[in-house]
Amino acid sequence: MWRPSVGIRTCVGALAVAGAVAASAPSLASANEPLPVPSGFLSGIVLEATNPGGSAPGTNDFSCAPSAAHPDPVVLVHGTAANRQTNWGVLAPVLANEGYCVFALTFGNRTDQPWPISAAGGLAPLGDSAGQLSDFVDDVLSATGASKVDLIGHSQGTTVSAYYAKFLGGDTHVSKIVSIAPLWDGSEVGPPEGVGGPDFDNASFVTELRDAGVYSDDVEYTNIVTRFDQVVVPYSSGILAASNASNIVVQDGCEQDLSDHIALVASQRTATLTLNALDPSNPREVPCARVLPIFG
């Protein structure tokens, strides 16, 4: 999502700020009530600050039984320097309220380091991270009895998800992949997506995925991008045509949406587009509201 050094500083700094405003964290609903859906990306940072190493509301209930309406559990795959809470403060409760079994992992983090350094994920070689995703999906399928999952990735999480499906046998376990702010053709800003530090270079993994065509034949893909992405430059890097792929620019039909790379994953417009991608037989009206960028 960012250059690693900037990403770690951003994550740690944001967690420190969030701790000061922890009183604003939403209360959890009872088992019979919908989960509250907060507004904005900061909500996920607050979750991590108030419950270090925890799971976002609505996620990681391994006793969850998929319904006939939503037989595929949903696995959330975060971006660089994020984790299973910070990236999904908005989308996790939206999905849970719709009746999905929702799961989220933190991958590529330094578990040998104290919090909040340990809270920054997505800093390992891409192949290792995809392997962690593979193991997690296996656990989800075993616990739920489902035959396949749907993956939702943001930023680096889109690359990890696609790599898992393309090269690690994930295509036999995945029905749909929704990619929020992907960069299939690289970016003119900073190092290649997924680079996590000076000791390794993920460029070869990204190139391998791109050279192989990115998509797996048996998986349905949806790419959600924003024209105001300041990390994926040009934003059209995330648009890749195929018979099994849909490409959505959030400003099409909603010019007042100024989502940047970070705001995109926490907007109600993106959440509704994601719901429609997961369940196209029951489309919802996609809202259009003014969304401001996180980093201007």
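Visitor: Which residues make up the side chain of D279, and what are the values?
Guide: Examined against the element boundaries, D279 turns out to sit in the segment after α7 (268-278). With no salt bridge to any partner, buried D279 finds its closest opposite charge in R284, at an N-O distance of 5.6 Å. One polar contact links D279 to N282, side chain to side chain, over a distance of 3.0 Å. Contacts of D279, omitting those with residues within four sequence positions, involve H70 and Y100.

Visitor: Break down the state of the cysteines for me, citing the residues and quoting the values.
Guide: Enumeration over the complete set of coordinates arrives at two disulfides. Two residues share a disulfide in this structure: C64 and C101, whose sulfurs sit 2.0 Å from each other. With the S-S dihedral at roughly -80°, the linkage between C64 and C101 falls on the left-handed side. Of the two residues, C64 is situated in the loop between α2 (42-50) and β1 (74-77) and C101 in the loop between α3 (91-97) and β2 (102-105); the sequence distance between them amounts to 37 residues. For the residue pair C64 and C101, the accessibility class agrees, reading buried in each case. Linked covalently through their sulfurs, C254 and C288 form a disulfide whose S-S length is 2.0 Å. Across the S-S bond of C254 and C288 the torsion is about 90°, and the bridge reads as right-handed.

Visitor: Quick one: what's the story with the nonpolar core, residue by residue and with numbers?
Guide: With 32 residues, the main nonpolar core has V75, L133, V149 and L151 as its most contacted residues. For this core, the secondary-structure elements that each account for two or more residues are β1, β2, α4 (126-144), β3 (149-154), α5 (156-167), β4 (174-180) and α6 (203-211). Among the elements that take part in this core, α4 stands out by supplying seven residues, more than any other. Formed by 30 residues, the second largest nonpolar core is a distinct cluster that contains L95, V265, A271 and L273.

Visitor: Residue-level account of unusual backbone geometry, with values.
Guide: Note the cis peptide between W115 and P116, where omega equals 10°. In the segment running from V233 into P234, the intervening peptide bond is cis, with an omega of 0°. For P234, the position within the fold is in the loop between β5 (220-225) and β6 (245-249). Here S155, not a glycine, exhibits a phi torsion of approximately 60°, which is positive. Tracing the sequence through the fold places S155 in the loop between β3 and α5. You can call S155 buried: its relative accessible area is 0%.

What counts and how
Residues numbered from 1 in each chain as written. Predicted model: local features only at pLDDT ≥ 70, side-chain atom pairs only at ≥ 80, totals over all residues. Heavy atoms only, no water. Helix = DSSP H or I, 4+ residues; strand = E, 2+ residues; numbered from the N terminus. Buried < 20%, exposed > 50% of the residue type's maximum accessible area, 1.4 Å probe, protein only. Lys, Arg positive; Asp, Glu negative; His and termini not counted. Salt bridge = Lys/Arg side-chain N within 4 Å of Asp/Glu carboxyl O. Polar contact = N/O pair within 3.5 Å; in protein donor to acceptor, adjacent residues only side chain to side chain. Contact = heavy atoms within 4.5 Å. Disulfide = S-S within 2.5 Å. Core = buried A, V, L, I, M, F, W, Y, C linked by side-chain atoms within 4.5 Å.

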